[in-house]
Amino acid sequence: GAKRRVQIEIATPELAAKKLLQDTTDGFFEQMRPLEMCIQMRLPQAECEAFRALSREEMLRKYADFLRADLATTVSIEQVQLLDKQMQLALKYTFEAFPKLSLPDTLTLIVVKGDTYGGTVYYTRENCIIVPQPQLFEGNEEHLMSVLVHEIFHVYSRRHADKRRALFAEIGFEPIDSLQWSPFLAERRLCNPDAVDCRYILRLPIAQGGADSLFVPVIYSRFAQYERDFSFFQHLHFQLFPVRPLTDSTGKPIAGAYAIAVPDVGTDPQQLEAFFERIGRNTNYIIHPEEIIADNFRMLVLQKVPTLRDAHQPADERGAQLLQKIQTIVAQ
């Protein structure tokens with residue numbers, strides 16, 4: 001059908017620079033904190049302090065220069081062919097699992113050196129999938145294809161807010177209008193380019209006396225500054241932070257408005273059995289509802305591939321139910 005004809009475009013350096021630095025859908029650049037830019041750019045404390053003294057506009061200009069410098073300058077013909085072939089396979093399998101899946105007409109692939117998040121980290125921006133060049137080697141085809149399926153979900157999700165809401169609700173996350181950060185998190189929170197918005201609450205039945213406890217998923221830096229001996233991902237810490245409804249001057253809750261209830265200490269999700277009863281154990285990539293669903297989506301697609309089927313079976317009964325639900329919601 002006409003739906004299947006998604007063009008794959010491997011960006012030239014000029015196009016890549018333009019697309020990487022543009023985000024009109026998620027507000028990624030608005031959400032980036034100075035500390036995270038310092039960590040990615042590997043600025044030691046004194047340099048980071050100088051950076052933070054700049055205007056927001058100037059900070060973003062320097063950060064944009066850093067991202068531009070991460071673009072791969074030379075990609076071999078072999079690497080282009082390998083990437084193109086695995087992307088075609090990723091789309092083929094995705095459409096076999098979801099024949100009606102609505103994707104943009106063109107998906108743009110951008111190859112980077114991998115200095116921003118690390119040489120193994122793929123991410124998305126609008127209709128682009130950003131692929132680290134160190135991943136483009138012979139023998140890595142299956143892994144590459146598998147991650148591309150996960151990234152295809154992010155592009156899909158970005159275009160289909162209604163589906164995204166339904167999928168998140170399936171694992172217990174509901175959108176809220178506003179979230180008041182604690183000073184600690186306002187400074188240290190990190191921004192997942194595939195899931196910029198953290199305004200989702202999760203209700204878990206663990207409070208005393210029958211009331212649900214409310215949490216938001218947050219990734220933040222475990223250090224107050226860039227630590228030279230650690231990669232970007234070694235700075236990153238994920239916890240569920242308790243939230244409370246915000247109230248007006250009369251003490252009445254403000255609809256959709258919440259605040260971080262415990263300023264600088266969250267809860268390790270591994271301690272919350274109720275969390276895994278809700279989301280299943282199909283994936284360990286649990287830092288945001290978007291990632292949980294994207295990985296389950298990938299599992300559904302790869303179950304259709306004879307050579308990969310066995311490795312992508314649900315981990316538990318809840319995991320099996322969740323896959324069925326995702327299949328139904330996305331296929332509708």
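A quick note: this is a predicted structure, and the numbers were derived from the prediction, not measured. (Residues numbered from 1 in each chain as written. Predicted model: local features only at pLDDT ≥ 70, side-chain atom pairs only at ≥ 80, totals over all residues. Heavy atoms only, no water.)

Caption draft 1: Broad picture of the sheet that holds strand S5 (residues 173–175). Spatial ordering of the open sheet is given by S5-S7-S8-S9-S10-S6, a layout of six strands whose pairing is mixed. Where the open sheet ends on each side, the last strands, each with one partner, are S5 and strand S6 (178–180). Strand-to-strand twist in this sheet, taken as the mean axis angle between neighbours without regard to direction, amounts to 40°. Of the strand pairs in this sheet, strand S8 (residues 213–221) and strand S9 (residues 236–247) are connected by seven bridges, and their pairing is antiparallel. Following the sheet pairing, Ser-221 is matched in S9 by Leu-236. (Pairing = 2+ DSSP bridges. Helix = DSSP H or I, 4+ residues; strand = E, 2+ residues; numbered from the N terminus. Axes fitted to C-alpha atoms, helices over the stretch in contact; angles between N-to-C directions.)

Caption draft 2: How the structure looks around the state of the cysteines. All chains considered together, the criterion is met by one disulfide. With a sulfur-sulfur separation of 2.1 Å, Cys-38 is cross-linked through a disulfide to Cys-48. Taking the torsion about the sulfur-sulfur bond, which here is approximately 90°, the covalent link between Cys-38 and Cys-48 counts as right-handed. Linking Cys-38 in helix H3 (residues 34–40) with Cys-48 in helix H4 (residues 45–52), this pair joins segments that are 10 residues apart in sequence. (Disulfide = S-S within 2.5 Å.)

Caption draft 3: Spatial organisation of the packing of aromatic side chains. Going through the model one piece at a time under the given rule, you end up with 14 aromatic pairs. Between the aromatic rings of Phe-223 and Phe-230, the centroid separation amounts to 5.0 Å while the plane-to-plane angle is 40°, which identifies the pairing as tilted. Aromatic rings pair up to connect Phe-28, Phe-29, Tyr-63 and Phe-66 into one cluster. We note Arg-281 situated over the ring of Phe-276; from NZ or CZ to the ring centre the distance is 4.0 Å. (Phe/Tyr/Trp six-rings, centres within 6.5 Å; stacked < 30°, edge-to-face > 60°. Lys NZ or Arg CZ within 6 Å of the ring centre and 35° of its normal.)

Caption draft 4: Quick peek at unusual backbone geometry. Even without being glycine, Arg-42 reaches a positive phi, approximately 55°. With respect to the helices and strands, Arg-42 occurs in the loop between H3 and H4. Overall, the relative accessible area of 44% leaves Arg-42 in the partly exposed class. (Buried < 20%, exposed > 50% of the residue type's maximum accessible area, 1.4 Å probe, protein only.)

Caption draft 5: Spotlight on the sheet that holds strand S4 (residues 128–132). Taken together, four strands build an open sheet; the order of strands is S1-S2-S4-S3 and the sheet is mixed. Strands at the two margins of the open sheet, each flanked by one partner only, are strand S1 (7–10) and strand S3 (123–125). Between one strand axis and the next, the sheet turns through 30° on average, direction left out of account. Both S1 and strand S2 (residues 106–112) contribute to a ladder of four bridges, which runs parallel. Residue pairing across strands places Ile-10 opposite Leu-109, the latter belonging to S2. Along the sheet face, helix H1 (residues 13–20) touches S1, S2, S3 and S4 and points at about 100° away from the line of S2. (Contact = heavy atoms within 4.5 Å.)

Caption draft 6: Inspection of the side chain of Glu-170 at higher detail. Here Glu-170 shows up in helix H8 (residues 161–170). Judged by its relative accessible area of 18%, Glu-170 falls in the buried class. Once residues within four sequence positions are removed from consideration, Glu-170 is found in contact with Arg-278, Arg-318, Leu-322, Lys-325 and Ile-329.

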